Each structure stands twice: as C-alpha cells, then as structure tokens.
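A closer look at the structure
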Amino acid sequence: MAIKFENITVGKKLGLGFFLVLLMAALIAGAGINYIESLQNSIQKVNLSNQVNTEVNQAKYYRARFGASYDPADIKLNIVHIDNINNLVAQAKTLQWSAQDNKTLDSITSTIETYKQQRQNYLDAVNTKDQVRKSWSLEGTDQALAQLNTQLRAAGDSLSQQLLLADFQTKLMGVRYHLNDLLLERNKSAEEQLTDAINAAQTALTFLNMSLSVEQRDILTPVLSTMNHYEEQVLSYMPAYQKEMDSVKQMNDIAAALSDRITELLHEQLQQTDHN
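Since the model is a prediction, treat every value here as computed from it, not as a measurement.

**Let's talk about the overall build of the chain**
Scanning the chain from terminus to terminus reveals nine helices and zero strands. Shown N-terminal to C-terminal, the secondary structure of the chain runs as helices and strands in the order α-α-α-α-α-α-α-α-α. Within the span of the chain, comprising 276 residues, buried residues form 34% of the whole. Long-range pairs, those at least 24 residues apart, make up 79% of the contacts in the chain between residues at least 6 apart in sequence.

Structure (structure tokens):
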C-alpha cells in the first residue's frame, strides 16, 4: 500500500531532504570535476601545441644559421629541436583528441620524417659543394713555380722566360681573385669572369711551357696537370650550389607545412578552450 507523504514522520522527511541535497551536490560536483578535467586537458593540449610551435621555430632558426656560417654546431641544434618535436608529439598522443586532431598529429609525425630525409639531402649537397671547392686548391702549383723561378734566375740568360713566368703568375693571381668573387657573388657573371681568367692563365702557361727545356717542363708538370682540368672543376661549383639552394627551399617548404599543421592544431584547441 502506498505511503502518503503527509504520513511520513518529520525525521524521515528531513532525512529524505538531506539525501536529495547530497545527491544534487554529488551530481554538481561530478559535473564540475568533469568540466575542470576537460578544461585542464584543453589547456595541456594548447601548451603542447605552443611548445611544438616553439621547437619548429628554433629548428628553422638553426637551419638558417647553418646556411650562413656552416657551423656544424648549428645543424646539431636543428636536429635536437626536430627530435624535441617528435617527443612532444608522442606526449600529445597520450591525451584524448578528436579524430581530426589525431589525423593532424599523424600528419605532423610524417612531415617530420620527410623533413629529416630532406635535411640529409641538404647536408649531402653541402658536402658535395665543399668537395668541389676543395678541388680548387692551387697550393700544389706554388712549389713548382717557385722551383722553376729559382732555376730561371740561376741561369741568368732566361729573361724572356722569367717574363713569361711572371705573366703566368699574374694571370694566376687573377684566377684566385675571381675564385673569391664567385664564392661571394655566386652568379653566372662571376662564373664567366672566372672562366675567362682561367683561359687567360692557360694561354700564358702554354707560352711559358713552350719556352722551357725538357728538364724545366718536368718541373712545370704539376702546374699543367692542375690547369688542364681547372675549368671543369670550377664549372661544377654552381650546379652544386644550386642543388644546395634547391634543398634549402624544399626544407623551408616542409617546415612551413609543419607550422601550418601545428597552427591548425593550436587553433582547434583554442576554440575548444573558449567553448569550455
């Protein structure tokens, strides 16, 4: 038989009222805790997104510094900051994200791998360019020319040969000057001026070699060997440099794409935080 409310004792009414108050308080507290946890989760996501963005900017900075000075310490720091991004993304994946945000996180991971591959291509291009640059060394010619000069001066009757040697050495100085100019300017005009200087030096060397005795020509052999292939070595510099620049552009494009992914993630989390 149903019990009428008015027949319930005051004590039971108070107990029931107290129970209902406790139930409502528990429900409100549960909702509040859930809200706080959701808000904390959103804030943590925003902080992680900001940290990732900071690491990307640092990686860009040290790549640019390396391109300016080629200091190995700078590329090592670029590697450190890219690895930091991987660690932060791994940490982020332990949180709960929307399906779209999870896709963005996966995209960030794959973009980082692409960046690493392109960075290696870039370093290979830098190394190739450096090897080309090292092949320009004329130090091996200096000793031979000094030896020939000493012999010609000792002969006493070789004034014309001394003049031809002096002309070649002057032309060689022009080659060295235009080498430095090419390294500074890195354009077609500087390359053409250098090849003109090399051709002038090779012509002067030919006249000098023709004027020498067999013994003296033997002294000049290292110089002839160097100059015969010098223009070819010089002309391989600009393609190597251009390949380096192409690698830089590709790295920058990948880094920009990475920044876009992170901005997208950050924007989504800020919107979610505002909504909360």
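**Details of helix α7 (residues 214-228)**
A maximum bend of about 50° is found in α7 at Leu220, where proline Pro222 lies one to four positions downstream. Those residues of α7 lying buried are Gln216, Ile219, Leu220, Val223 and Met227. Considering only its buried residues, α7 is in contact with α4 (139-155), α5 (159-185), α6 (188-211) and α8 (230-235).

**With respect to empty space enclosed by the protein**
Applying the stated rule across the entire model yields one cavity of 30 Å³ or more. The computed volume of the largest cavity comes to approximately 40 Å³. Every residue lining the largest cavity is listed: Lys45, Leu48, Ser49, Val52, Leu88, Val89, Ala92, Trp97, Leu105, Ile108 and Leu265. Going through the elements one at a time, α1 (10-69), α2 (72-92) and α3 (99-134) are the ones with two or more residues in the lining of the largest cavity. With four residues, the single largest contributor to the lining of the largest cavity is α1. Residues of the lining of the largest cavity, tallied by class, amount to nine nonpolar, one polar and one charged.

**Quick word on α6**
When the terminal C-alpha atoms of α6 are compared, their 35 Å separation across 24 residues agrees well with the 34 Å that a helix rising 1.5 Å per residue should span. For α6, the set of buried residues is Ala190, Glu191, Leu194, Thr195, Ala197, Ile198, Ala201, Ala204, Leu205, Leu208 and Asn209. With a side-chain oxygen lying 3.3 Å from the backbone nitrogen of Ser189, the N-terminal cap of α6 falls on Asn187.

**Quick word on the packing of aromatic side chains**
This structure, assessed with the given rule, holds five aromatic pairs. Ring plane angle 70° and centroid distance 4.9 Å describe the contact between Tyr61 and Tyr62, whose orientation is recorded as edge-to-face. Note on Trp136 and Tyr237: the rings are 4.9 Å apart at their centroids and 55° apart in plane angle, and the pair reads as tilted. One end of the pair, Trp136, is in the loop between α3 and α4; the other, Tyr237, is in helix α9 (residues 237-275), and 101 residues separate them in sequence. Look at Trp136 and you get buried, because its relative accessible area is 1%. For Tyr237, a relative accessible area of 1% corresponds to the buried category. Pairwise contacts between aromatic rings join Phe66, Tyr70 and Tyr122 into one cluster.

**Considerations on the side chain of Asn209**
Tracing the backbone through its elements, the reader meets Asn209 in helix α6. Dropping the residues within four chain positions of it, Asn209 is found in contact with Arg217, Leu220 and Leu224.

**A few points about the nonpolar core**
Side chains that are nonpolar tend, in soluble globular proteins, to be buried together. Formed by 32 residues in total, the largest nonpolar core has its most connected members in Phe168, Val175 and Met227. Of all the secondary-structure elements, those providing two or more residues to this core are α4, α5, α6, α7, α8 and α9. Among the elements that take part in this core, α6 stands out by supplying eight residues, more than any other. Not counting the four nearest positions on each side in its chain, Phe168 is found in contact with Leu145, Ala201, Ala204, Leu205, Leu208, Val223 and Met227. Listed in part, the 26 residues of the second largest apolar core include Trp97, Ile108, Ile112 and Leu258.

About the criteria used
Residues numbered from 1 in each chain as written. Predicted model: local features only at pLDDT ≥ 70, side-chain atom pairs only at ≥ 80, totals over all residues. Heavy atoms only, no water. Helix = DSSP H or I, 4+ residues; strand = E, 2+ residues; numbered from the N terminus. Buried < 20%, exposed > 50% of the residue type's maximum accessible area, 1.4 Å probe, protein only. Contact = heavy atoms within 4.5 Å. Bend = angle between axes of the 7 residues up to and from the residue. 1 Å grid on protein atoms, 1.4 Å probe; cavity = no way out; pocket = protein on both sides within 12 Å on 5 of 7 lines; lining within 4 Å. Points joined across faces, edges and corners; volume = space filled by probe spheres on them. Nonpolar A, V, L, I, M, F, W, Y, C, P; charged D, E, K, R; others polar. Expected span 1.5 Å × (residues − 1). Polar contact = N/O pair within 3.5 Å; in protein donor to acceptor, adjacent residues only side chain to side chain. Phe/Tyr/Trp six-rings, centres within 6.5 Å; stacked < 30°, edge-to-face > 60°. Core = buried A, V, L, I, M, F, W, Y, C linked by side-chain atoms within 4.5 Å.

Purely spatial values, then, with no claim about function.
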